[in-house]
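Structural features, examined
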Amino acid sequence: MDKIQAFLFDLDGVLVSTEHNHFVSWQHCAHLLGIPFSQKENELLKGVSRIDSLKNILALGNKQISTDEFESLLKIKNDFYLDSIKHINQSNLLPGVLNVLTVATKKGILLGVGSSSKNANLILEKLQIKDFFKVIIDGNGVKNPKPDPEVFLNGASALGVEPAKTLVFEDAASGITAAKNGGFNTIGVGNPHIAHLSDIYLDDLTQFKLETYA
Ligand code: B16
Ligand code: MG
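Source: prediction; values computed, not measured.

The subject of this paragraph is the coordination of the magnesium ion (ligand 2). Taken together, the protein ligands of the magnesium ion (ligand 2) are Asp10 (OD), Asp12 (O) and Asp171 (OD), with distances of 2.0 to 2.1 Å. Among the residues examined, Asp10 registers a relative accessible area of 3% and is labelled buried. The exposure class assigned to Asp12 is buried, which follows from its relative accessible area of 7%.

Take a look at the structure:
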């Protein structure tokens, strides 16, 4: 592995445990559609954009709906999700996150976020960690969502660092695939289902040793 100059972090599931909030919000929508939806099906949605997530749920139920119903369900999902995260704050950061951001900053590593979420900026503000990041690329800023590498390529380009000298932290198969497709080094975090896809796998960021990489 080249000497690492930049870290790009996924948001949901890596910095904060909002994946559960996404899950219960989609479960609410799936219930309205009469489609069974459990944690197993939710695994397919991690890191996947809002629109593609709803398409996946409809495909699971072999169901077709009108464009108006589709738009309305996207709004129902996001309203439900936003309500469920209205009280999140820095105490909701996942274990080890604040320490990794702090020591990496001291070491001069450039930090960025590469998230599929259109709510990323709002959540980073609530978590009070936004100032750590030189670049934040979210679901509003990409044409091609994960597993396309665009979100991470835009992040690395904005930081001025090559993908081979950048570590991507991800909790989702779609995100690890996106990073690999872009030529990045990958650390899978907090989701045993992606251990086999990642260059390195950690249960959480308390296990991350900066001196191994930079
Ligand atoms: P939103 P990440 C992703 O964020 C989530 O993993 C995924 O569950 C969600 O559907 C997607 O963001 C879109 O989120 O509805 O807030 O725009 O993991 O890429 O940080
Ligand atoms: Mg994620």
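This next bit is on the sheet that holds strand β4 (residues 166-170). The sheet built from six strands is open, its strands ordered β3-β2-β1-β4-β5-β6 with parallel pairing. If you trace the sheet from one side to the other, it starts and ends with β3 (135-137) and β6 (200-202), each paired once. Direction aside, the axes of adjacent strands within the sheet are offset by 20° on average. Strand direction decides the pairing type here: strand β1 (residues 6-9) and β4, joined by four bridges, are parallel. Bridge pairing in β4 links Ala6 to Thr166. The strands touched by helix α5 (residues 97-106) within the sheet are β1 and β2 (110-114), with β1 carrying the most contacts at an inclination of about 155°. Contacting β1, β2, β3 and β4, helix α7 (residues 150-159) crosses the sheet at an angle of about 160° to β3.

Take the environment of Val113 next. Topologically, Val113 is positioned in strand β2. The class of Val113 is buried, set by a relative accessible area of 0%. For the pair Val113 and Val168, spaced 55 residues apart in sequence, the C-alpha separation works out to 9.3 Å. Discounting chain neighbours no more than four positions away, the residues touching Val113 are Leu8, Phe9, Leu11, Leu15, Leu124, Phe133, Val135, Ile136 and Ile137.

A separate point is the domain arrangement of the protein chain. Parsing the protein chain into structural domains produces domain 1 (6-17 + 92-212) and domain 2 (19-84). Once you take the C-alpha centre of each, domain 1 and domain 2 turn out to be 24 Å apart. Across the boundary between the two partners, domain 1 contributes 15 residues, which contact 14 residues of domain 2. Where domain 1 abuts domain 2, roughly 1100 Å² becomes buried across the two surfaces, and 46% of that area is made up of carbon and sulfur atoms. Counting the surface domain 1 buries against domain 2, the share from its top three residues, Asp12, Ser17 and Asn119, is 34%. Linking domain 1 to domain 2 there are zero salt bridges. Counting every contact that joins domain 1 to domain 2 gives seven residue pairs in polar contact (both at pLDDT 80 or more). Here the residues of the side of domain 1 that touches domain 2 sort into four nonpolar, seven polar and four charged.

Here the focus is α5. For α5, the complete set of buried residues consists of Val97, Val100, Leu101 and Ala104. Angularly, the buried residues of α5 cover 95° about the axis, an arc narrow enough to put them on a single face. Turned more than 90 degrees off the buried face of α5, the exposed positions are Asn99 and Lys106. Gly108 sits one or two positions beyond α5 and adopts a positive phi of about 85°.

Where burial is concerned, most of β4 is hidden: five out of the five residues are buried. The alternating pattern of β4 places Thr166, Val168 and Glu170 on one face and Leu167 and Phe169 on the opposite face, and all of these are buried. Bridge count between β4 and strand β5 (residues 185-189): four bridges; the pairing is parallel. Among the inter-strand pairings, Glu170 is bridged to a residue of β5, identified as Gly188.

On to the site of ligand 1. The environment of ligand 1 is formed by 18 residues, the closest being Asp12, Glu19, Ser115, Ser117 and Lys118. In this structure, an oxygen atom belonging to ligand 1 sits 2.8 Å away from a main-chain N or O atom of Gly47. One of the backbone N or O atoms of Val48 is found 2.8 Å from an oxygen atom in ligand 1. Relative to its unbound accessible area of 470 Å², ligand 1 is 99% covered by the protein chains. Among the secondary structure elements, those contributing two or more residues to the shell around ligand 1 are α1 (19-33) and α3 (50-60).

Quick notes on the rules
- Residues numbered from 1 in each chain as written.
- Chains lettered and ligands numbered in written order.
- Predicted model: local features only at pLDDT ≥ 70, side-chain atom pairs only at ≥ 80, totals over all residues.
- Heavy atoms only, no water.
- Donors = N, O, S within 2.8 Å, 3.2 Å for Na, K, Ca; no water.
- Buried < 20%, exposed > 50% of the residue type's maximum accessible area, 1.4 Å probe, protein only.
- Pairing = 2+ DSSP bridges.
- Helix = DSSP H or I, 4+ residues; strand = E, 2+ residues; numbered from the N terminus.
- Axes fitted to C-alpha atoms, helices over the stretch in contact; angles between N-to-C directions.
- Contact = heavy atoms within 4.5 Å.
- Domains from an automatic or database assignment.
- Buried area = accessible area lost by both parts, 1.4 Å probe.
- Salt bridge = Lys/Arg side-chain N within 4 Å of Asp/Glu carboxyl O.
- Polar contact = N/O pair within 3.5 Å; in protein donor to acceptor, adjacent residues only side chain to side chain.
- Nonpolar A, V, L, I, M, F, W, Y, C, P; charged D, E, K, R; others polar.
- Arc of directions from axis to C-beta.
- Near = heavy atom within 4 Å.
- Areas by Shrake-Rupley, 256 points an atom, 1.4 Å probe, with all protein chains shown as cover.

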